[in-house]
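Observations on the model geometry
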Amino acid sequence: MVQIVKRAYKYRFYPSAQQAGELARTFGCVRLVYNKALEERTRAYTTENRRVSYTESSAALTVWKKTPELGFLTEVSSVPLQQALRHLQAAFANFFAKRARYPTFKSRKRSRASAEYTRSAFRWRDGQLTLAKMNEPLDIVWSRPLPEGARPSTVTVSRDAAGRWFVSILVEETIRPLDPAESAVGVDAGITALVTLSTGEKVTNPRHERRDRRRLARAQRALARRVKGSANRAKARTWVARVYARIADRRRDHLHKLTTRLVRENQAVVIEDLRVGSLVKNRRLARAIADASWREMRAMLEYKAAWYGRELLVVDRWFPSSKLCSACGTLHQSVPLHVREWRCACGVVHDRDVNAAKNILAAGLAERRNACGAGVRPQRESSRAGHRL
């Protein structure tokens, strides 16, 4: 079934000195408005037990612009300021619905510098994008074309810690599902192998962070030696940020290629419901787990499966996939983490990860086919002893 989805296309651009100055002022004003509105909402909530609405915050913004102290807010486009208030409203809605923590203040150094423009604050003409308060279009590097006939509805401009400028263009796109596939695959996430498939294939973990660890350590040592507040320290901080950006870009590129391949080749993809936040508490494995980025991989699989008519099945995190024989179904009491290959009483020799992937696939397909809706997995174990990395 053809579906229309909102999809963001992100590009790098190179602003002129005038554009960079205008955007820097806009970023500062957006951060100021967000923090000031958050402060007012927090005061009203703690002292008066009253919730401030978006309408009240918007009215307060109008008052702020008329004061001598905040009159400079009129020098930038009003749309990004209103969007900041809408984002704060969404943050509070998520907090009161218990979907997120209480909103926090935006930091000049740590928070992402960004501004969001709606249609009334930019001009899209002949493939060129011009923002409000600017006379020239942005110099965008079109690394891939936008969908034919697409008209941007929202534009988000951002600058990362490495000093790179990006523009994210939100458009409506018609996505056609892929042709049905006959195969299904179980995916076992790991560290040595990033994923092991139920077909027996193992995808090697590139370990992007480890490959650049020396470069990162050298940049961090240089940063530590610089005097706080100096221009050289700012340059050293940018150097560190560029190393981190290189690691993140390579990791994201690899995950996109892997998840796209899994979705294209299989009608159903079965994964485990890993709680990464708990796993990274293991001090010896935390760095490797974070580098593997299992959470980002799952997020990619979720939206790509929804786009292209595939099915993503999730197996309970307590399912003992490593201790269950995929041949005879015998559940072994203990298979320590260092044991990478073991023999079942039925005589079958198992590779730990391949066996786990096969069990994950079987469990996911069995639950999907259960007509009455009852659980078909083994009961949850009483401790974390059976949890597998």
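Structure: see above.
Residues numbered from 1 in each chain as written. Predicted model: local features only at pLDDT ≥ 70, side-chain atom pairs only at ≥ 80, totals over all residues. Heavy atoms only, no water.

Once that is clear, we can look at the sheet that holds strand β10 (residues 202-204). Hydrogen bonds along the backbone pair up the strands of a sheet, which may run parallel or antiparallel. With mixed pairing, five strands are arranged side by side in an open sheet as β10-β9-β8-β11-β12. A single partner strand is all that each edge strand has here, and the edge strands are β10 and β12 (311-315). For this sheet, the mean angle separating the axes of adjacent strands, direction not counted, is 25°. In the sheet, strand β11 (residues 268-272) pairs with β12 via five bridges, with the strands oriented parallel. Across the sheet, glutamate 272 pairs through a bridge with valine 315, a residue of β12. Sitting on the sheet, helix α6 (residues 231-265) touches β8 (184-189), β9 (193-197), β10 and β11, and the angle it makes with β9 is about 5°. The strands touched by helix α9 (residues 294-307) within the sheet are β8, β9, β11 and β12, with β12 carrying the most contacts at an inclination of about 140°. (Pairing = 2+ DSSP bridges. Helix = DSSP H or I, 4+ residues; strand = E, 2+ residues; numbered from the N terminus. Axes fitted to C-alpha atoms, helices over the stretch in contact; angles between N-to-C directions. Contact = heavy atoms within 4.5 Å.)

The relative placement of two packed helices comes down to the angle between their axes together with the axis-to-axis distance. Contact pair helix α1 (residues 17-47) / helix α3 (residues 78-96): the axes reach a minimum separation of 9 Å and the direction vectors enclose 40°. One way to sum up the angle between α1 and α3 is to call them oblique. As α1 packs across α3, the resulting crossing turns out to be right-handed. Packed against α1, whose contacting residues are Thr26, Cys29, Val30, Val33, Tyr34, Ala37, Leu38, Arg41 and Tyr45, the element α3 presents Pro80, Leu81, Ala84, Leu85, His87, Leu88, Gln89, Ala91, Phe92 and Phe96 at the interface. Grouping the constituent residues of the contact of α1 with α3 by class yields 15 nonpolar, three polar and one charged. (Parallel < 35°, antiparallel > 145°, perpendicular 65-115°, else oblique. Left-handed = near helix turned anticlockwise from the far one by under 90°. Nonpolar A, V, L, I, M, F, W, Y, C, P; charged D, E, K, R; others polar.)

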